[in-house]
Amino acid sequence: MMRHFLSSADLTRDAALQVFQLAADLKQRWKAGRRGTPLAGRTMALIFEKPSLRTRVTFEVGIVQLGGRAVYLSGAEIGLGTRESVADVARNLARWVDGIAARVYAHATIETLARHATVPVINGLSDSEHPCQALADFFTLWERGVDIGAMRLAWIGDGNNVCHSVILLGALLGASTVVACPPGYEPAPRVLDAARRLGGRVEVTEDARKAAVGADVIYTDVWTSMGQEAERVRRQEAFSRYQVNETIVGFAKPSVLVMHCLPAHRGEEITDAVLDGPHSIALDQAENRLHAQKAVILTLLGGSIDDV
Ligand code: CP
Ligand code: NVA
């Protein structure tokens, strides 16, 4: 099993499937009222350089449900990389806590934390990846019984951090992925190369309709990610033909599942009718952030499901 979880590519297919099974068991036990505390007395530090609703709450609630505690630290408060070097923050935290989750701008920051911390480090989103999101997303499909190896996923929108993690985990699990985006907003070539080296089938097109045709899953995310606010108007123009609306959904399979990591910019990348409509599983994804992350925390911190 991996020591840190910084990228979807840190997983293997078998490791991902083990996490899905553990997440399903944890979810089932929690819903059945089991309240065992396998991580009693353990603590995680949660560092956030950017805002969050889902990631912060699911990490904090997740560790508490497992019997541990969380310490929230905003990037501004600890001066990550300004008041003190990232390496020194990692070395200090590792003397007090049993694990670190961090949401950062530069991916290099989470890599530096992992290099210098002697405890597990989990990426709660960087400019390059959002592996906890992708894990919860594929867990959501897996628990619905979707045949991931036979599935065609259309990513419509920005080739961003969430897109990267979805492409990489999709490749590990045998999904076929097509990304529809305007020129200049493609996923990073190193991610496409890595996905192909993992045996993934990944295409990139400018044609959103073509991508949607026959899709089992349509996934979208905001056009302007955190940290890109100054580009908002330019991005709204560039992406105007990439909205996931009822017309686009109509090109996909009748059973299509529509995914969004949230938060949504309603009326931009997705319409209310689609996000709130019968194909949308966005809230199941959000719910499963909790269960999938509990599985990751339990695995990396070395707790046992038998104590739950
Ligand atoms: N999907 C997600 O990570 O949401 P937050 O930014 O609210 O954490
Ligand atoms: N791509 C978005 C995802 C938010 C969960 C961002 O980075 O802002």
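Before reading further, recall that the structure is shown in the block above.
Reference entry: report on the structure contained in this document. Note that the structure is predicted; figures quoted are calculated from it, not measured.

Observations concerning the pattern of salt bridges
Side chains bearing opposite charge may pair, as long as their charged atoms lie close to each other.
Link 1 in the chain: The full count for this structure, using the stated rule, is 15 salt bridges.
Link 2 in the chain: Between Asp88 and Arg91 there is a salt bridge; the shortest N-O distance is 2.7 Å. Residue Asp88 and its partner Arg91 are located together in helix α4 (residues 86–96), separated by three residues, close to a single helical turn.
Link 3 in the chain: Taking relative accessible area as the criterion, Asp88 reaches 30% and is therefore assigned partly exposed.
Link 4 in the chain: Given the relative accessible area of 41%, Arg91 is considered partly exposed.
Link 5 in the chain: Measuring nitrogen to oxygen at the nearest pair gives 3.7 Å for the salt bridge that ties Asp284 to Arg144. Of this pair, Asp284 sits in helix α13 (residues 282–301) while Arg144 sits in the loop between α6 (131–143) and β5 (152–156), and the two are 140 residues apart along the sequence.
Link 6 in the chain: Classification of Arg144 as partly exposed rests on a relative accessible area of 45%.

A short note on the packing of helix α7 (residues 161–173) against helix α8 (residues 189–197)
Link 1 in the chain: The geometry of α7 relative to α8 is characterised by a closest axis approach of 8 Å and an angle of 10 degrees between their N-to-C directions. Classified by the interaxial angle, the pair formed by α7 and α8 is roughly parallel. For the pair α7 and α8, the contacting residues are His164, Ile167, Leu168 and Ala171 in the first and Arg190, Val191, Leu192, Ala194 and Ala195 in the second.
Link 2 in the chain: Partitioned by chemical class, the residues of the contact of α7 with α8 number seven nonpolar, one polar and one charged.

Some thoughts on the side chain of Thr271
Link 1 in the chain: If you trace the backbone, Thr271 turns up in the loop between β9 (257–260) and α12 (272–275).
Link 2 in the chain: Leaving out residues up to four positions away in the same chain, Thr271 has contacts with Gln243, Val244 and Asn245.

Describing the pairing of strand β8 (residues 217–220)
Link 1 in the chain: Going residue by residue along β8, you find Val217 and Tyr219 tucked away on one face and Ile218 and Thr220 tucked away on the opposite face as well.
Link 2 in the chain: Alignment of β5 against β8, held across three bridges, turns out to be parallel. Looking at β8, one finds that Trp155 is bridged to Tyr219.
Link 3 in the chain: Alignment of β8 against β9, held across four bridges, turns out to be parallel. The partner of Val217 across the bridge, within β9, is Leu257.

Quick word on unusual backbone geometry
Leave glycine aside and you will find that most residues have negative phi; peptide bonds, for their part, are mostly trans.
Link 1 in the chain: Geometrically, the link from Leu262 to Pro263 is a cis peptide bond, its omega value of 5 degrees lying close to zero.
Link 2 in the chain: Residue position: Pro263 is located in the loop between β9 and α12.
Link 3 in the chain: Phi at Leu125 takes a positive value of approximately 120 degrees, unusual for a residue other than glycine.
Link 4 in the chain: As for its placement among the helices and strands, Leu125 is situated in the loop between β4 (121–123) and α6.

Conventions adopted
Residues numbered from 1 in each chain as written. Chains lettered and ligands numbered in written order. Predicted model: local features only at pLDDT ≥ 70, side-chain atom pairs only at ≥ 80, totals over all residues. Heavy atoms only, no water. Salt bridge = Lys/Arg side-chain N within 4 Å of Asp/Glu carboxyl O. Helix = DSSP H or I, 4+ residues; strand = E, 2+ residues; numbered from the N terminus. Buried < 20%, exposed > 50% of the residue type's maximum accessible area, 1.4 Å probe, protein only. Axes fitted to C-alpha atoms, helices over the stretch in contact; angles between N-to-C directions. Parallel < 35°, antiparallel > 145°, perpendicular 65-115°, else oblique. Contact = heavy atoms within 4.5 Å. Nonpolar A, V, L, I, M, F, W, Y, C, P; charged D, E, K, R; others polar. Pairing = 2+ DSSP bridges.

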